[in-house]
Structures are given as structure tokens and as C-alpha cells.
Amino acid sequence: MNHFEYVDGVLNAEGVSISELAEQVGTPFYCYSTATLERHYKVYASAFDGLDATVCYALKANSNQAVIKTLAKLGAGADVVSVGEMRRALRAGIAPSKVIFSGVGKADAEMREALDADIAQINVESIPELLELNRVALDMGKKARIALRINPHVDAKTHEKIATGKAENKFGIDWTRAIEVYRDAAAMDGIEVTGIAMHIGSQLTDLTPFREAFTRLAGLVEELRTHGIEIKNLDLGGGLGIAYQGETPPLPDAYGQMVRETVGHLGCHITLEPGRLIVGNAGILVSRVMYIKDGEAKRFVILDAAMNDLIRPTLYNAYHEIIAVSEAGDGDKMATVDVVGPVCETGDTFGKDRKLPDNLQPGDLVAICSAGAYGAVMSSTYNTRALTPEVLVSGDKFAVIRERQSIDELIGLDKIPGWLD
Ligand SMILES: Cc1ncc(COP(=O)(O)O)c(C=O)c1O
Ligand SMILES: N[C@@H](CCCC[NH3+])C(=O)O
């Protein structure tokens, strides 16, 4: 069931009309559906029924407090990659015992705050980081619970900028060195080895790379046991993809089955870190058409949203479906258009050669779909464009969950040094 649907010819988010929302909030804005968030979380979590598993939602996909809280109420933990995300998770009510701290490089201050907060586990990604964490923990008179993130050298077969499990990627410790580094870690007084972690990439639409990586992981856990190193927690990362343009990624149940087959026999606690799958299709970016420009080669639909609001098309050539908020009728003529933003970059293009109603006018609204993940969180203020607001809908209610930034607030962050006065 889709919670973004046309009702009487107008796109609705659950029981709320997008055109009414646009009147009240102004454009552009992100709009998320609570019912979709809840459904995605429940479908994903239930794929692990019967296993000893925790779903730690990857905050980087969408870290709005209201989104985190919605998921926390369903029992979600959090995967965080900065002290900022850790504070967001704790502030939204996620217990420290369900927080995992991942990321390629943690600063001393971040390590200290994580140890003070007594979160479940810190995932370490290199030997220098391990040595530093040991030093910080000893200095604080604590032991840091850790997993080593292992790079299994598996090609996730996804966009090159979001593949993380190949030898040439910066992530994790090469699997070929894993035993040696675990033995060193086990001998450190400030370190308690609790887990092993892997995350091979994002937007995977096939189970094969996961299966390959998790099989390698299981082999490592068994080998570590022969060295007297017991792994309690297997962190399998996130990465399961979603449909942006008719892809058919495996369903969570099939993924859950593959997890059982590859690591189920180990008797470990399992941590999962889905991000995109939970929020991606739970959000849209709503924008108003500013101008229609008929060029010699193309018709351009110029929106009031731009690459600073949603960078994915520019950065990864990512496809996001774009639809008119007023439903086109059966007999309505469609035009082939490029949908662009007003920012001064050729790459500020949301979609090329898209079909939108021929009679689309300035003032009309469009929705850029599948924008709930890596949308608002990756936005910037390029061209001095203020951050876009976020709205959460629940049934026939809505709330602005991040206010529109004002341009004065934005400029006010700059400081003029005395010598320029
Ligand atoms: C360590 C880690 N866990 C989880 C995720 C979430 O990934 P996804 O949004 O693809 O589920 C990421 C991002 O790719 C990550 O780097
Ligand atoms: N930002 C990426 C996903 C990166 C995942 C981070 N580990 C995207 O929009 O697809």
C-alpha cells in the first residue's frame, strides 16, 4: 500500500493534500509519511523474527529528530557516525545500549563522549584508530566495547561512490589481516572485543554480494574462535536497496533468510543497520514550477528546488521519479522536459527527458519521489539558498519538523573580522 496517492486528482501524503501543505508551509519542502516509515520498519524487523537481532537504524539516511523518534517508538536502535548523530539518537530517546558508533575516523572527543554515554559498541576501522581508542579508554579508566569493521573485498555491484567493501575503498580493515588485528585488540587493556562488523555498500539490488561477504564473515568468526576470541555481536551493516526506477531489490524476508543461511549457525547476536530502505520511499521533495522555458533543443521546467536541496541526481546521476501534484487526466497530452533547479550549475538537473503534463504552468507543484533518504541530510546552502523545511504527516495531521531557515540566519553565521570594519 502506498501512502502517497492521488485523491480527487491531487497527490496526498496519507490524509493530507500536498497542495494544501504547500499553501501552508511554502515551497520547496520535504514531506515524510509516518505510516510508510512504520510499515518499512516493521516489515524489515519482522524478517529477523526468531533471531536474536537488533535493528539499528542508520541515522545518516535521515536524522530528523521526529523521524528517529517515530522509529525509536517501534524499538529501533541507532547506527551513528559522528558525535552529532549520537546526540541526536540519545535525544530522540534511543537507549545507549542500542547505539552503535561506526565511521572511518572518530576524534578523541567523540570517543570520550561515546564511552561516557556507555553506548553498546564502537566499530573501529583501522589499526591507528584502535590504538587511539585504547589510549583514550585507559585514560578514562574504562574498557571500550568494540567491533572491528572488516573489509571483505567484495564488489557490492552498486554505484562506485557508494561501494564500501572493495580493497580499494577506504572502509574497514582488510579481511586478510583481521585475525592478526583481533589478536592485538584482545591484548589491549582498554579494549573489550565484542563484535565484528561489515557494510559492503548501499543500494544493493542483489543478494549475491551480501551472501559472499557474510559467508566470509562467518568463516572469520569461526577462525577467531579457534584463537580463543569469542564474537558476541555480528553487525551486518545496511545496504539493501529500494526501487527508484522499477528496480526489484530482494524483499527483506529474502534478505533475512540469507542472513539465517550464512550466519544463523554461529549463535551470535545480530545487528542490522538499514537506512535507505526505511526512509527512502517514505519521503518526497515538493517543489513549485517557477518557469517553463522552451529552448531550441529542450523544454526546461525550472523549479524552486535545486541541487542544494537534493544532491543525489547531481552527485550520482541518481534517478528520482518526478510527478505532477495535480494528476494528469487520461487524455492529457504529455511533454518531454528536463526538470532543473535555478542554481548556476549545469548539473543542477533533477531529471532529463521526463514526461510531465504539456499544460504544466508556473505555480504548479511537482513531487520528486523517493527523496526520504540522503535528501535533507545532504542538503547545503549553496548559492545562499536557505535549508528547506521538513514536514511529517501522520493520518490527517501534519507537523513542520524542521523550520525553514531564514536567509538572515544563514548570513548571520558569517563574521567580519575587525580589520574590515
Ligand atoms: C556503516 C554503515 N551502516 C549502514 C549504512 C546504511 O546504509 P543504507 O542506507 O544503504 O541501508 C551505511 C551507509 O551506507 C553505513 O556506512
Ligand atoms: N549518500 C548515498 C548513500 C551513502 C551511504 C553512506 N554509507 C546516497 O544518496 O545514495
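Each value, and the rule that gives it
Residues numbered from 1 in each chain as written. Chains lettered and ligands numbered in written order. Predicted model: local features only at pLDDT ≥ 70, side-chain atom pairs only at ≥ 80, totals over all residues. Near = placed C-beta within 6 Å. Nonpolar A, V, L, I, M, F, W, Y, C, P; charged D, E, K, R; others polar. Domains from an automatic or database assignment. Helix = DSSP H or I, 4+ residues; strand = E, 2+ residues; numbered from the N terminus. Buried ≥ 20, exposed ≤ 12 C-beta atoms within 10 Å, placed from the backbone. Expected span 1.5 Å × (residues − 1). Contact = placed C-beta atoms within 7 Å. UniProt positions renumbered as here; feature names shortened; annotations may be inferred. Arc of directions from axis to C-beta. Pairing = 2+ DSSP bridges. Axes fitted to C-alpha atoms, helices over the stretch in contact; angles between N-to-C directions. Parallel < 35°, antiparallel > 145°, perpendicular 65-115°, else oblique. Left-handed = near helix turned anticlockwise from the far one by under 90°. Core = buried A, V, L, I, M, F, W, Y, C linked by C-beta atoms within 7 Å.

### Points about the site of ligand 2
Point 1. Around ligand 2, the neighbouring residues are Lys60, Ile162, Ser202, Gln203, Arg312, Tyr316 and Tyr374.
Point 2. Of the residues that constitute the shell around ligand 2, the class distribution is three nonpolar, two polar and two charged.
Point 3. Residues lining the shell around ligand 2 come from more than one domain, with at least three contributed by each of domain 1 (4-32 + 280-412) and domain 2 (34-276).

### Quick notes on unusual backbone geometry
Phi is mostly negative for residues that are not glycine, and the peptide bonds are mostly trans.
Point 1. Here the bond from Thr27 into Pro28 is cis, since omega is -5 degrees, no more than 30 degrees from zero.
Point 2. Inspection of the secondary structure puts Pro28 in the loop between helix H1 (18-25) and strand E4 (29-33).
Point 3. You will see that Asp118, though not glycine, has its phi angle at about 60 degrees, which is positive.
Point 4. Its location among the elements puts Asp118 in the loop between helix H5 (108-117) and strand E8 (121-124).
Point 5. Its identity is not glycine, yet Asn317 carries a phi of approximately 55 degrees, on the positive side.
Point 6. With respect to the element layout, Asn317 can be found in the loop between helix H11 (312-316) and strand E16 (322-324).
Point 7. A tally of 12 C-beta atoms within 10 Å means that Asn317 is categorised as exposed.

### What to know about the site of ligand 1
Point 1. Taken together, 14 residues form the shell around ligand 1, and within it Ala58, Ser202, Gly238, Gly275 and Arg276 come nearest.
Point 2. Broken down by class, the residue content of the shell around ligand 1 amounts to four nonpolar, seven polar and three charged.

### Side note on helix H2 (residues 34-46)
Point 1. Taking 1.5 Å per residue as the helical rise, H2 with its 13 residues ought to reach 18 Å, and the 18 Å between its terminal C-alpha atoms agrees with that figure.
Point 2. For H2, the set of buried residues is Thr34, Thr36, Leu37, His40, Tyr41, Tyr44 and Ala45.
Point 3. For H2, the secondary structure elements touched by its buried residues are E4, strand E5 (53-58), helix H3 (65-72), helix H9 (252-263), helix H10 (276-279) and strand E20 (390-394).

### Structural notes on the UniProt feature "binding site: pyridoxal 5'-phosphate" (unreviewed entry) in the protein
Point 1. The UniProt record marks Gly239, Glu273, Pro274, Gly275, Arg276 and Tyr374 with the feature "binding site: pyridoxal 5'-phosphate" (unreviewed entry), using the residue numbering of this structure.
Point 2. Tracing the backbone shows Pro274 in the loop between strand E13 (269-272) and H10.
Point 3. Mapped onto the secondary structure, Arg276 falls in helix H10.

### Quick notes on H1
Point 1. Of the positions making up H1, those classed as buried are Ile18, Leu21 and Val25. Here the buried residues of H1 occupy an arc of 55 degrees about the axis, which is enough to place them on one side. Exposed residues pointing more than 90 degrees away from the buried face of H1 are listed as Glu20 and Glu23.
Point 2. Just downstream of H1 lies Gly26, where phi reads positive at about 85 degrees.

### Focus: the sheet that holds strand E3 (residues 16-17)
Point 1. With respect to topology, three strands assemble into an open sheet ordered E1-E2-E3, the strand pairing being antiparallel. Each of the sheet's edge strands pairs with one partner strand only, and the pair in question is strand E1 (4-7) and E3.
Point 2. Two elements, E1 and strand E2 (residues 10-13), share four bridges in a ladder whose sense is antiparallel. Its bridge partner being in E2, Phe4 is matched across the sheet by Ala13.

### Considerations on the domain arrangement of the protein
Point 1. Annotation of the protein at the domain level lists domain 1 (4-32 + 280-412) and domain 2 (34-276).
Point 2. Once you take the C-alpha centre of each, domain 1 and domain 2 turn out to be 33 Å apart.
Point 3. Taken together, the 22 residues of domain 1 in the interface contact 19 residues of domain 2.
Point 4. Elements with a contribution of two residues or more to the side of domain 1 that touches domain 2: E20 and strand E21 (397-402).
Point 5. Ranked by residue count, the leading element in the side of domain 1 that touches domain 2 is E20, at four residues.
Point 6. Among the residues making up the side of domain 1 that touches domain 2, the classes are represented as 12 nonpolar, six polar and four charged.

### Observations regarding the packing of H5 against helix H6 (residues 127-139)
Point 1. The contact between H5 and H6 brings their axes to 10 Å, and the two run at 55 degrees. Judged by the angle between their axes, H5 and H6 are oblique. Crossing geometry of H5 relative to H6 is assigned as right-handed. Of the residues in H6, those touching H5 at Asp108, Met111, Arg112 and Leu115 are Glu132, Leu133, Val136 and Ala137.
Point 2. For the contact of H5 with H6, the class distribution of residues is five nonpolar, no polar and three charged.

### Examining the nonpolar core
The nonpolar side chains of soluble globular proteins are, as a tendency, buried together.
Point 1. Of all hydrophobic cores here, the largest spans 116 residues; its most connected members are Cys31 and Leu148.
Point 2. Ranked by the residues each element gives to this core, the list is headed by strand E9 (residues 144-151), at five residues.
Point 3. Residue contributions to this core reach at least three from each of two domains, namely domain 1 (4-32 + 280-412) and domain 2 (34-276).
Point 4. Non-local contacts of Cys31, meaning those with residues more than four positions away in its chain, are made with Ala13, Ile18, Leu21, Gly283, Ile284, Val286, Val391 and Val393.

### With respect to the environment of Arg385
Point 1. Along the chain, Arg385 turns up in the loop between strand E19 (365-368) and E20.
Point 2. A count of 22 C-beta atoms within 10 Å places Arg385 in the buried class.
Point 3. Placed 80 residues apart in sequence, Arg385 and Ala305 show a C-alpha to C-alpha distance of 9.5 Å.
Point 4. Residues within four places of Arg385 in sequence aside, it is in contact with Ala306 and Asn308.

### Section: the packing of H2 against H3
Point 1. Close contact between H2 and H3 brings their axes to 10 Å; oriented N to C, the two are set at 45 degrees. Taken together, the axes of H2 and H3 are oblique relative to one another. Considering only the axes of H2 and H3, their crossing is right-handed. Note on element contacts: H3 touches H2 through Val67, Thr70 and Leu71, opposite Thr34, Leu37, Glu38 and Tyr41.

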